[in-house]
Amino acid sequence: MAIIDTEFTRMIGVDYPIIGAPMFLISYEELVVAVAEAGGLGAIPLPNFKTVEDLKYSLGKIREKTDKPIGVNIHVSGKFEWEDQLALCLDYGVKFFITSLGDPKLILDDVHAHGGKVFADVISVEQGLRARERGIDGLIAVASGAGGHCGTTPTTILVPYLKSKVKLPVVAAGGISTGAQMVSAMALGACAVITGTRLIATHESRANQAYKEAVMAAGPDDIVCTDKITGNPCTWLAKSIEDFTTRPELGSKKWKDLWSAGQSVAQVEEIRPAGEVIEEMVQEYLEVCQTLSGSVSTG
Ligand SMILES: Cc1cc2nc3c(=O)[nH]c(=O)nc-3n(C[C@H](O)[C@H](O)[C@H](O)COP(=O)(O)O)c2cc1C
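Thresholds, definitions, all that
Residues numbered from 1 in each chain as written. Predicted model: local features only at pLDDT ≥ 70, side-chain atom pairs only at ≥ 80, totals over all residues. Near = placed C-beta within 6 Å. Helix = DSSP H or I, 4+ residues; strand = E, 2+ residues; numbered from the N terminus. Nonpolar A, V, L, I, M, F, W, Y, C, P; charged D, E, K, R; others polar. Domains from an automatic or database assignment. Pairing = 2+ DSSP bridges. Core = buried A, V, L, I, M, F, W, Y, C linked by C-beta atoms within 7 Å. Buried ≥ 20, exposed ≤ 12 C-beta atoms within 10 Å, placed from the backbone. Contact = placed C-beta atoms within 7 Å. Axes fitted to C-alpha atoms, helices over the stretch in contact; angles between N-to-C directions. Parallel < 35°, antiparallel > 145°, perpendicular 65-115°, else oblique. Left-handed = near helix turned anticlockwise from the far one by under 90°.

Asker: What is the right way to look at the site of the ligand in this model?
Answerer: Residues in close proximity to the ligand total 28 residues, the closest being Pro 45, Gly 147, Gly 148, Gly 196 and Gly 262. Among the elements of the structure, β4 (96-102) and β9 (192-195) are those that each provide at least two residues to the shell around the ligand. The residue inventory of the shell around the ligand, partitioned by class, reads 14 nonpolar, 13 polar and one charged. If you count residues domain by domain, the shell around the ligand takes at least three from each of domain 1 (1-199) and domain 2 (210-266).

Structure representation (structure tokens):
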């Protein structure tokens, strides 16, 4: 298949500008390997690992199966042993980091010294400008309707807004799970997309079967955004939080019963291998680009 050449694919060394989202309790080594081997960038969130040893086991498994680039989401906050986690990731050759909590500056020098890049999750131009001041390499534009913690501005507005005001590479996050949606994000100026909700319903995701089926059955109206579960606005399958009363402790098994998903549940029709999802996105991306270019007449 063709290679799609963007600022992001050149910067990170992947064939396709698609990040398989780092997802709490969903993305582990199986999903990362499947996305990476399909030509995208697989990513894990470090809060999935209770100890540095657990993380080491996972990175070891990934490296047994693929030597392609991978990414991690790091929470640079007091809650995690992030210094040791970071050192381990760098030892394992991780070159792409997404920061979602805390000050990205804390990791920038180390990551840059190892030839890596750091992108920050942002939901506004103010956050984007603050991240730029700290020396960040790029932004993840977390839009409204995205799975997990989400913003309030749609992708169609947020991506070009960040591009024009912050002038850094922008990855679009939120509502992108098909090749056509990917074309739209790239047309808006994104250098890559991140897809999360679509990958919950894959063979390699660690979501349980009921969660995968609920994602397939749901439509956008079944998703609610609330801050009552984590303290920050986050999208959930409404039914899974109907009986919610108190926030579980970090590391509690109860998190498994609270199902986060974004509005792109609308595009999830079946449970498939993650590699096929990525390949299909790429194929559709190429077809849509061709159709669009064929519709333009210069005469
Ligand atoms: C179940 C779930 C868990 C998530 N957990 C994390 C996480 O731990 N760290 C993170 O950076 N993003 C997390 N996200 C957000 C994704 O990385 C990504 O930005 C988002 O899924 C993109 O929007 P989409 O779901 O519409 O594709 C999560 C998303 C979902 C659906």
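Now that the structure is up, let's keep going.
Asker: What's the story with the sheet that holds strand β10 (residues 223-226) in this structure? I'm lost.
Answerer: Hydrogen bonds between backbone atoms are what pair the strands of a sheet, whose relative direction is either parallel or antiparallel. Overall, antiparallel pairing links the three strands, which are arranged β7-β11-β10 in an open sheet. Single-partner strands in this sheet number two, and they are β7 (148-149) and β10. Where β10 lies against strand β11 (residues 234-237), four bridges are found, and the strand directions are antiparallel. For Thr 226, the partnering residue across the bridge sits in β11 and is Cys 234.

Asker: So what exactly am I meant to see when it comes to the domain arrangement of the protein chain here?
Answerer: Note: interface size is frequently given as the accessible area lost on complex formation between the parts. Domain boundaries in the protein chain define domain 1 (1-199) and domain 2 (210-266). For the side of domain 1 that touches domain 2, the elements supplying multiple residues, two or more each, are β7 and α9 (197-200). Looking at the side of domain 1 that touches domain 2 residue by residue, the classes come out as four nonpolar, nine polar and three charged.

Asker: How should I be thinking about the nonpolar core in this particular structure?
Answerer: In globular proteins that are soluble, nonpolar side chains generally tend to be buried together. By size, the foremost hydrophobic cluster in this structure holds 94 residues, and its most contacted members are Leu 139, Ile 140, Ala 141, Val 171, Ala 172, Ala 190 and Val 193. Residue contacts for Leu 139: discarding those within four places in its chain leaves Phe 119, Ala 120, Val 122, Gly 128, Ala 131, Leu 162, Val 166, Leu 168 and Val 170.

Asker: Sorry, what's going on with the packing of helix α8 (residues 179-187) against helix α11 (residues 274-294) here?
Answerer: Pairs of packed helices are described in terms of their axes, by the angle between the two and the distance that separates them. Closest axis-to-axis distance for the α8/α11 pair is 7 Å, and the angle between their directions is 60°. Viewed along their axes, α8 and α11 adopt a mutual orientation that is oblique. Considering only the axes of α8 and α11, their crossing is right-handed. Counted together, Gly 179, Ala 180, Met 182 and Val 183 of α8 and Met 281, Val 282, Gln 283, Glu 284, Tyr 285, Val 288 and Cys 289 of α11 form the full contact between these two elements. Considering only residue class, the contact of α8 with α11 consists of eight nonpolar, two polar and one charged.

Asker: I tried to follow the pairing of β9 on my own but got confused; where do I start?
Answerer: Remark: a regular strand shows side chains that alternate across the two faces of the sheet. Both faces of β9 are covered, namely the face carrying Ala 192 and Ile 194 and the face carrying Val 193 and Thr 195. Sheet analysis places strand β1 (residues 18-20) next to β9, joined by three bridges and oriented parallel. Looking across to β9, one finds that Ile 18 is bridged to Val 193. Bridging between strand β8 (residues 170-173) and β9 involves three bridges; their strand directions are parallel. Across the sheet, Ala 172 pairs through a bridge with Val 193, a residue of β9.

Asker: Looking at this structure, I do not really get helix α2 (residues 29-37). What am I missing?
Answerer: In an α-helix there are 3.6 residues to a turn, and that puts residues three or four apart on one side. The buried fraction of α2 is high, at seven of nine residues. Where α2 is concerned, the buried positions are Glu 29, Leu 31, Val 32, Val 33, Ala 34, Val 35 and Ala 36. The inward-facing, buried residues of α2 contact β1, β2 (41-45), α3 (52-65), β3 (70-76), α9 and α11.

Asker: It is not clear to me how unusual backbone geometry should be interpreted in this structure. Could you clarify?
Answerer: Excluding glycine, a negative phi dihedral is what most residues carry, and trans is how most peptide bonds are arranged. Even without a glycine there, the phi angle at Leu 25 is positive, about 65°. For Leu 25, a count of 19 C-beta atoms within 10 Å corresponds to the partly exposed category.

Asker: Explain the environment of Lys 253 to me, please; I cannot follow it from the model alone.
Answerer: With respect to the element layout, Lys 253 can be found in the loop between β11 and α11. The exposed category is assigned to Lys 253, around which 9 C-beta atoms lie within 10 Å. Each C-alpha atom of the pair Lys 253 and Leu 101 lies 22 Å from the other, and the pair is 152 residues apart in sequence.

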